[in-house]
Amino acid sequence: MRSMKRAVLVTLGLAAGLLSLAGAASAEEAAEAVRALYAPVWNPLEGEDLSKLTGPALALFEKSAKVSAETGEAGCVDFVVTVGGQDFDDEEVARTIETVETGRSPEGDALVTARFRSFPDGDADQEIRWTMRQVGGAWKVADIESPLDEWKLSTFPCD
């Protein structure tokens, strides 16, 4: 009987350890998925491929494309959301990028913070916060925000 209890406890311990490792791998994967968006800097305004987006981010870029098509002008988003602006040095961003998962939303989305420098002579680091959601086994961008510039895609006006 003792050996059976011990075997059950060992099995439960191994299962808990594997779940812990899976959680750590998941966190690492979310941060790495964001890091990949900076080498080179991904710009969802270029091209028609919005496959990396989901949720509020996808809805905004679809609406922005519709506004642009109807008016012939820039849509609701007219800057590179990945870096929070239009001007940047791709090599400096790639050289200085750091990403870390900072937590989970109540819905289970991974919250990832990216920090980087936009220019070699720039004196301030940039910070972009990403909400990443697993869809079909892949990490997709559900929301992006810049605490420094005080914008968030999910609350971005687009009429």
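Our subject is the structure that appears above.
What counts and what doesn't
- Residues numbered from 1 in each chain as written.
- Predicted model: local features only at pLDDT ≥ 70, side-chain atom pairs only at ≥ 80, totals over all residues.
- Heavy atoms only, no water.
- Pairing = 2+ DSSP bridges.
- Helix = DSSP H or I, 4+ residues; strand = E, 2+ residues; numbered from the N terminus.
- Contact = heavy atoms within 4.5 Å.
- Axes fitted to C-alpha atoms, helices over the stretch in contact; angles between N-to-C directions.
- Expected span 1.5 Å × (residues − 1).
- Buried < 20%, exposed > 50% of the residue type's maximum accessible area, 1.4 Å probe, protein only.
- Arc of directions from axis to C-beta.
- Salt bridge = Lys/Arg side-chain N within 4 Å of Asp/Glu carboxyl O.

1. Here's the deal with the sheet that holds strand β3 (residues 126-135)
For step 1, the next point in the chain: With antiparallel pairing, the five strands of this open sheet are ordered in space as β1-β2-β3-β4-β5. Edge positions in the sheet fall to β1 (98-104) and β5 (151-152), since each has one partner strand and no second.
For step 2, the next point in the chain: Bridge count for strand β4 (residues 138-146) against β5 is two bridges, and the pairing is antiparallel. Paired with Glu145 across the bridge in β5 is Lys152.
For step 3, the next point in the chain: Docked against the sheet, helix α2 (residues 55-71) engages β3 and β4, running at close to 75° with respect to β4.

2. Side note on the environment of Val100
For step 1, the next point in the chain: The residue Val100 is located in strand β1 in this model.
For step 2, the next point in the chain: For the pair Val100 and Val34, spaced 66 residues apart in sequence, the C-alpha to C-alpha distance is 9.0 Å.
For step 3, the next point in the chain: Excluding its chain neighbours within four sequence positions, the residues that come into contact with Val100 are Ala31, Leu111, Val112 and Thr113.

3. Considerations on the environment of Gln134
For step 1, the next point in the chain: Along the chain, Gln134 turns up in strand β3.
For step 2, the next point in the chain: Considering only alpha carbons, one finds Gln134 and Asp109, 25 residues apart in sequence, at a separation of 7.4 Å.
For step 3, the next point in the chain: Setting aside residues no more than four positions away along its own chain, Gln134 makes contact with Glu29 and Trp139.

4. Here we look at α2
For step 1, the next point in the chain: Helix length check: α2 (17 residues) gives 25 Å between terminal C-alpha atoms against 24 Å at 1.5 Å per residue, within 8%.
For step 2, the next point in the chain: Those residues of α2 lying buried are Ala57, Leu60, Phe61, Ser64 and Val67. Summarising the axial view, the buried residues of α2 lie within an arc of 120°, below the 170-degree limit, and thus occupy one face. What points out from α2, more than 90 degrees from its buried face, is the exposed set Lys66, Ala69 and Glu70.

5. Section: the pairing of β1
For step 1, the next point in the chain: In this structure, β1 lies alongside strand β2 (residues 110-116), joined through six bridges in antiparallel fashion. Looking at β2, one finds that Val100 is bridged to Thr113.
For step 2, the next point in the chain: If you look at the hairpin formed by β1 and β2, you'll find five residues sitting between the two strands, and Gly108 has a positive phi there, around 95°.

6. Focus: the pattern of salt bridges
Between side chains of opposite charge, a pair can form as their charged atoms come close.
For step 1, the next point in the chain: If you walk through the whole model with that rule in mind, you get seven salt bridges.
For step 2, the next point in the chain: Salt-bridge contacts for Arg133 lead to Asp109; the nearest nitrogen and oxygen are separated by 2.9 Å. Of this pair, Arg133 sits in strand β3 while Asp109 sits in the loop between β1 and β2, and the two are 24 residues apart along the sequence.
For step 3, the next point in the chain: Under the relative-accessibility criterion, Asp109 is labelled buried at 7%.
For step 4, the next point in the chain: In this structure, the salt-bridge partner of Glu127 is Arg115, at a minimum N-O distance of 3.1 Å. Of the two residues, Glu127 is situated in strand β3 and Arg115 in strand β2; the sequence distance between them amounts to 12 residues.
For step 5, the next point in the chain: Connected through salt bridges with shared partners, the residues Arg115, Glu127 and Arg129 form a single ionic network.

Geometric descriptors of this kind do not, in isolation, establish any biological role.
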